Amino acid sequence: ETIIPRRFTHGYGITTPLIQGISHSLLITVDNGIAAPEPIRVAKAAGNVVLILDHHLPQAELPPADVIVDPHLHPERNGYEHYCGAGLAYKLAEYLCGEEDPEEKKKLFFDLLVLACLGTLADVMPLTGDNRRLVMSGLQVINRESWYRQLSPGLRAVLDLASRPYTEDTIKFQTAPILNATGRLFDAGSSSVLKALLETGEAAAVAYAAKMKAINQRRKDLVAQWLAAVEEAAAGREEDPILLVRCQGIPEGIVGIVAGKLSETYRRPAF
């Protein structure tokens, strides 16, 4: 079972309400968990085995997980520190599938490689070392027709929304915003993105992708609308060392984008 936090109800990462009722199971966190000692304590008290995959900086108190995989925890022991959550999940899959049949593994790993490529670029990780290999290999799969046809229908339908040939910029500026938009506007939006990516029917996959594209357009319209209001509210204060603007009603999922655009325009921190 996959659990994705509801953006506005749960916030980010593993929380105690999110895992209530789960006992004697294997819990694997991805891209979170290193800063959540209390929820992990609760999970362990319920008899769960907990594996943390996270790339954020460890805090003073480490969570009592059975296994913690975080490149920043013991950097001197790691060959590479700059994976994102998707990259770490890919490396775990490589490890778990090491003895699988090569042909079976090849088909599965086309999908996993492209997802790791998307995650690494969407999370704006340094394109060095193994990240560079993951991204280049993922782009090779997307751009070689015979390999591309072997991707799952859901993943292909989302990728088909962008123009060819695929490059890093294609993913950063076309694909990643579409994948992110649903989660920005809807509480359970991230779960629907996962559902779209896992879809095995061609027609349903195309329908999901079209809906995601429409939602991203709605996100763009909202950003433009609120950016105009924010710029009006900031009028006369463009020379302040820090821009602090209050505009009641900005949707929580786009407030960071609006602040970022304000910061770009006036070249100073913006809140």
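The structure displayed is predicted, hence computed values, not measured ones.

A few words on unusual backbone geometry. Arg164 connects to Pro165 through a cis peptide bond whose omega is -10 degrees. Relative to the assigned elements, Pro165 resides in the loop between helix 6 (153-159) and helix 7 (168-185). Phi at His24 takes a positive value of approximately 50 degrees, unusual for a residue other than glycine. You can see His24 is positioned in the segment before strand 1 (26-30). The phi dihedral of Arg267 is positive, around 55 degrees, even though this residue is not glycine. Within the secondary structure, Arg267 sits in the segment after helix 10 (255-266).

This paragraph deals with the packing of aromatic side chains. One pass over the structure, following the stated rule, counts 3 aromatic pairs. Seen from their ring centres, Tyr80 and Tyr83 are 5.2 Å apart, and the 80 degrees between their planes marks the pair as edge-to-face. Judged by its relative accessible area of 10%, Tyr83 falls in the buried class. Above the plane of the ring of Trp147 lies Arg144, whose end atom (NZ or CZ) is 3.9 Å from the centre. Above the face of the Tyr148 ring, Arg164 is positioned so that its terminal group lies 4.3 Å from the ring centre.

On to helix 1 (residues 37-45), then. Among all positions in helix 1, only Pro37, Pro39, Ile40 and Ala43 are buried. Down the axis of helix 1, the smallest arc covering the buried residues is 165 degrees, so these residues share one side. Contacts made by the buried residues of helix 1 are with strand 1 and strand 2 (49-53). Backbone geometry just after helix 1 places Gly47 at a positive phi near 85 degrees.

With that settled, consider the pattern of salt bridges. Here the structure, examined in full by the defined rule, presents 11 salt bridges. Ionic pairing is found between Glu94 and Arg133, a salt bridge with its closest N-O pair at 3.9 Å. With Glu94 in helix 2 (residues 85-96) and Arg133 in helix 4 (residues 129-143), this residue pair connects regions lying 39 residues apart in the sequence. On the basis of relative accessible area, Glu94 is assigned to the partly exposed category, the value being 29%. A salt bridge links Arg133 to Asp130; the nearest nitrogen and oxygen atoms lie 2.6 Å apart. In this pair, Arg133 and Asp130 both sit in helix 4, 3 residues apart, roughly one turn of the helix.

Below, the discussion takes up the pairing of strand 2. A large share of strand 2 lies buried, amounting to 4 of its 5 residues. As paired elements, strand 1 and strand 2 share 5 bridges and run parallel to each other. Looking at strand 2, one finds that Leu26 is bridged to Val49. Between the parallel elements strand 1 and strand 2, the chain passes through helix 1 in a crossover that is right-handed. In this sheet, strand 3 (residues 67-69) lies alongside strand 2 in parallel orientation, the contact comprising 3 bridges. For Leu53, the partnering residue across the bridge sits in strand 3 and is Val69.

Let's shift gears to a negative patch on the surface. A cluster of acidic residues, Glu99, Glu100, Asp101, Glu103 and Glu104, forms a negative patch at the surface. Structurally, Glu103 can be placed in helix 3 (residues 102-122).

Taken together, 3 strands build an open sheet; the order of strands is 1-2-3 and the sheet is parallel. Taken across any chain shown, the strands that pair with only one partner, and hence form the sheet edges, are strand 1 and strand 3. Each neighbouring strand pair of the sheet contributes to a mean axis angle of 10 degrees, computed without reference to strand direction.

What counts, and where the lines are drawn
Position labels on residues start from 1 in each chain and follow its written sequence. Thresholds applied to this predicted model are a pLDDT of at least 70 for local features of residues and 80 or more for the giving and counting of side-chain atom pairs; totals over whole chains, interfaces and linings are not thresholded and use all residues. Side-chain figures throughout are based on the complete set of non-hydrogen atoms in the structure, without hydrogens or water. Helix numbering and strand numbering both begin at the N terminus, where a helix is a DSSP run of H or I of at least 4 residues and a strand a DSSP run of E of at least 2. Whether two aromatic rings pair depends on their centres lying within 6.5 Å, for rings of Phe, Tyr and Trp, where Trp uses its six-membered ring; planes under 30 degrees apart make the pair stacked, over 60 edge-to-face, and the rest tilted. Under the scheme applied here, a residue whose accessible area is under 20% of the maximum for its type counts as buried, over 50% as exposed, and between as partly exposed, the area being computed with a 1.4 Å probe on protein chains only. Charge over a ring is defined by NZ of Lys or CZ of Arg lying within 6 Å of the ring centre and within 35 degrees of the ring normal. Think of the arc as the fan of directions from the helix axis to the C-beta atoms. We call two residues contacting when some pair of their heavy atoms lies within 4.5 Å. When a carboxyl oxygen of Asp or Glu is within 4 Å of a side-chain nitrogen of Lys or Arg, the pair counts as a salt bridge. The rule for pairing is simple: two strands pair if DSSP sees at least two bridges between them. Crossovers are marked right-handed if the path from the first strand over the helix to the second runs clockwise, as seen with the strands pointing away from the viewer. Two joining distances apply to patches: 9 Å for like charges and 5 Å for nonpolar side chains (Val, Leu, Ile, Met, Phe, Trp, Tyr), and every residue must have over 30% relative accessible area and no salt bridge. We get accessible surface area from the Shrake-Rupley algorithm with a probe of 1.4 Å; when it comes to residues, only the shown protein chains can shield them. In summary, the charge assignment counts Lys and Arg as positive and Asp and Glu as negative, without counting His or the chain termini. Where a charge lies is defined by one atom per residue type, namely NZ (Lys), CZ (Arg), CG (Asp) and CD (Glu). Axis definition: a line fit to C-alpha positions, over the contact stretch in the case of helices; interaxial angles, taken between N-to-C directions, run 0 to 180 degrees.

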